[in-house]
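# Architecture and fold: a report
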2 protein chains.
Amino acid sequence: MFSLPVWPASVPVSRNDRHTLPVPRPTAAADPAGGRTGPYDADSLLRVVVPVFNERGYDGTRMTDLARAAGITKSAIYHHVRSKEELLRLGVERALTGLFAVLEEPAAREGPAVRRLEHVLRRTTAVLLAELPYVTLLLRVRGNTATERWALEQRRTFDARVAALVAEAVRDGALRADVDPRLATRLLFGMVNSIAEWYRPGRGHAAGPITAAVEALAIDGLRQRA
Amino acid sequence: MFSLPVWPASVPVSRNDRHTLPVPRPTAAADPAGGRTGPYDADSLLRVVVPVFNERGYDGTRMTDLARAAGITKSAIYHHVRSKEELLRLGVERALTGLFAVLEEPAAREGPAVRRLEHVLRRTTAVLLAELPYVTLLLRVRGNTATERWALEQRRTFDARVAALVAEAVRDGALRADVDPRLATRLLFGMVNSIAEWYRPGRGHAAGPITAAVEALAIDGLRQRA
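The rules behind each value
Residues numbered from 1 in each chain as written. Chains lettered and ligands numbered in written order. Predicted model: local features only at pLDDT ≥ 70, side-chain atom pairs only at ≥ 80, totals over all residues. Helix = DSSP H or I, 4+ residues; strand = E, 2+ residues; numbered from the N terminus. Buried ≥ 20, exposed ≤ 12 C-beta atoms within 10 Å, placed from the backbone. Contact = placed C-beta atoms within 7 Å. Domains from an automatic or database assignment. Nonpolar A, V, L, I, M, F, W, Y, C, P; charged D, E, K, R; others polar. Axes fitted to C-alpha atoms, helices over the stretch in contact; angles between N-to-C directions. Parallel < 35°, antiparallel > 145°, perpendicular 65-115°, else oblique. Expected span 1.5 Å × (residues − 1). Least-squares fit on C-alpha atoms with pLDDT ≥ 70 in both. Left-handed = near helix turned anticlockwise from the far one by under 90°. pLDDT = per-residue confidence, 0-100.

### A closer look at the overall build of chain A
Scanning chain A from N- to C-terminus turns up 10 helices and 0 strands. For chain A, the α and β elements follow one another from N to C terminus as α-α-α-α-α-α-α-α-α-α. With 226 residues in all, chain A has 44% of them scored as buried. Excluding contacts between residues fewer than 6 apart, the proportion of contacts in chain A whose partners are at least 24 apart in sequence is 72%.

Listed below in structure tokens is the structure:
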């Protein structure tokens, strides 16, 4: 019924290689172009470049911008990755890994569907707060490249798995039957995803109350109960 | 407590001139540059240019792009407005006018706070669905120009007025007291605003069920009640 989904799904790389580099990392001395590779490995390079993607937009970011932000040469970046798109893939993959791991947690797999849904909402919110730049990157992909289209497909898969959980809880009689499960899932993840627009760690935003508020509002709404 | 709010507020132009043009509209014959002004007035020109802003981003849109989309010359656009920023202002103003008008409706001003809040949620969702391109534009402003900063300030004002309504309903005992009213407002409008990411009129999305779902989830949550 709906054309574009709201959230993430299964990571296409094995757990073992998901954060490792696709090419060997030479030392600075071995850099034929003479560029500094700097103190970076894949994780620390991503920590620098993903905020640049989020700030300028992926399309608007050039390798030159990334090199400047990292304080290394473009050729040094090419020792780490083959292309800008590979950096995008690594950043998006990190978000997807965290989000899909939530669905594999015991509390997301066992027990009544409504309990599993509560767990998934609370934990995906926690992943968003903990992995903010990577989830922000994931939420902003537009579909202009193969990597972006793959990321959108993963979001659709994640969305569908949560919608199935909502539908199961509706069949159990635990959740209301008058809201379409896919629409409900979109609206709930719309609420969760919107946190990325304003949450900034260390600026007086505590993660705990946000996570609790999401779960409370999603399941029980704002109304005071007797 | 929170750094960046989630939504709109009061329109700074009078009701009488808010959709009129700041400069006289010459006819095509009177265009000294010989450009076609086309069949446009302010409203129809906005209908063409606002989707271009949304597609390319305001920063990434040049007057040339707008002229091409409208099928008229740049100089013809300058008969309508003084600048690209003025087109942004007119587009954002249209969204704000609709949203702030909701707060002035009798059902938003009279009766128990929780009823007024329900009305505001339902009606702001309806305005988003009806004025989708303009509200989308408003939601994407970034603060790079005076007009954008003004729009963000309006969003903060709107946000504060709704948060005050939530706080009043909490004091009445109608809404739960364990979620901060400003956080609740942000999350609820996060849910509402997210609709702009996927709703496309005429693609099988009916407005009625969406509006009803927002109100139901916001106030009562997903849980089935006895």
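Now that the structure has been shown, the text picks up again.
### Comments concerning the domain arrangement of chain A
Residues and elements named next belong to chain A. Along its sequence, chain A is organised into domain 1 (28–80) and domain 2 (92–220). Relative to domain 2, the C-alpha centre of domain 1 lies at a distance of 30 Å. At the interface, 6 residues of domain 1 touch 7 residues of domain 2. Of the residues in the side of domain 1 that touches domain 2, the class split is 4 nonpolar, 1 polar and 1 charged.

### Examining the interface of chain A and chain B
Between chain A and chain B, the contact holds 39 residues from the first and 39 residues from the second. Of all the secondary-structure elements, those providing two or more residues to the side of chain A that touches chain B are α9 (181–194) and α10 (207–220) of chain A. Among the residues forming the side of chain A that touches chain B, the class breakdown is 22 nonpolar, 9 polar and 8 charged.

### A short note on the packing of helix α1 (residues 42–56) of chain A against helix α4 (residues 84–104) of chain A
Packed helices, taken two at a time, are described by the angle their axes make and the gap between the axes. Residue and element names in this part refer to chain A. Orientation of α1 relative to α4, taken along the N-to-C sense of each, is 100 degrees, at an axis distance of 10 Å. Classed by the angle they form, the pair α1 and α4 counts as roughly perpendicular. Listed contacts from α4 to Ala42, Leu46, Val49, Val50 and Phe53 of α1 are Leu87, Leu88, Leu90, Gly91 and Arg94. Here the contact of α1 with α4 is composed, by residue class, of 8 nonpolar, 1 polar and 1 charged.

### As for the environment of Ala67 of chain A
All names here are of chain A. One can find Ala67 in helix α2 (residues 63–70). Judged by the 19 C-beta atoms lying within 10 Å of it, Ala67 falls in the partly exposed class. For the pair Ala67 and Val48, spaced 19 residues apart in sequence, the C-alpha to C-alpha distance is 9.6 Å. Excluding its chain neighbours within four sequence positions, the residues that come into contact with Ala67 are Ile72, Thr73, Lys74 and Ile77.

### Concerning helix α8 (residues 146–171) of chain B
Quick reminder: α-helices carry 3.6 residues per turn. Residues three or four places apart thus point the same way. Given a rise of 1.5 Å per residue, 26 residues ought to cover 38 Å, and the 37 Å separating the end C-alpha atoms of α8 of chain B matches this to within 8%. Phi turns positive one or two residues past the end of α8 of chain B, at Gly173 of chain B, with a value near 85 degrees.

### Some words on the relation of the copies chain A and chain B
For the pair chain A and chain B, the superposition axis carries a translation of 0.0 Å, the fit reaches an RMSD of 0.0 Å, and the rotation angle comes to 180 degrees. Such a combination of rotation and displacement between the chain copies is what one expects of a two-fold axis. In this assembly the copies share their binding face: 100% of the residues contributing to the interface of chain A also contribute to that of chain B.

### A closer look at helix α6 (residues 113–130) of chain B
Taking 1.5 Å as the rise per residue, α6 of chain B with 18 residues should run 26 Å; its terminal C-alpha atoms sit 25 Å apart, in good agreement. Buried residues dominate α6 of chain B, accounting for 13 of its 18 residues.

### Things to note about the environment of Tyr134 of chain B
Residue and element names in this part refer to chain B. With respect to the secondary-structure elements, Tyr134 resides in helix α7 (residues 132–139). Along the backbone, Tyr134 and Ala113 are 21 residues apart, and their C-alpha atoms lie at a distance of 28 Å. Every residue in contact with Tyr134, bar those within four places of it in the chain, is listed here: Val50, Gly91, Arg94 and Ala95.

### Structural notes on the packing of helix α4 (residues 84–104) of chain B against α6 of chain B
All names here are of chain B. Orientation of α4 relative to α6, taken along the N-to-C sense of each, is 160 degrees, at an axis distance of 9 Å. By the angle between their axes, α4 is roughly antiparallel relative to α6. Here α4 runs over α6; the crossing is right-handed. Taking contact as the criterion, the partners of Gly98, Leu99, Val102 and Leu103 in α4 are, on α6, Val120, Arg123, Thr124 and Val127. In the contact of α4 with α6, the residues fall into 5 nonpolar, 2 polar and 1 charged.

### What about the confidence of the model for chain A?
Residues and elements named next belong to chain A. Put simply, chain A has an average pLDDT of 84, and 83% of its residues get 70 or more. The least confident element of chain A is helix α3 (residues 74–80), whose mean pLDDT is 91; the most confident is helix α5 (residues 106–109), at 98. Low pLDDT, under 50, characterises residues 1–36; the stretch is placed with 84 contacts to residues that sit more than four places away or in other chains. Here the predicted complex scores 0.81 on pTM and 0.80 on ipTM.

### Topic: the environment of Ser44 of chain A
Residues and elements named next belong to chain A. Tracing the backbone shows Ser44 in helix α1. For Ser44, a count of 11 C-beta atoms within 10 Å translates into the label exposed. Sequence spacing of Ser44 and Gly221 is 177 residues, and the spatial spacing of their C-alpha atoms is 40 Å.

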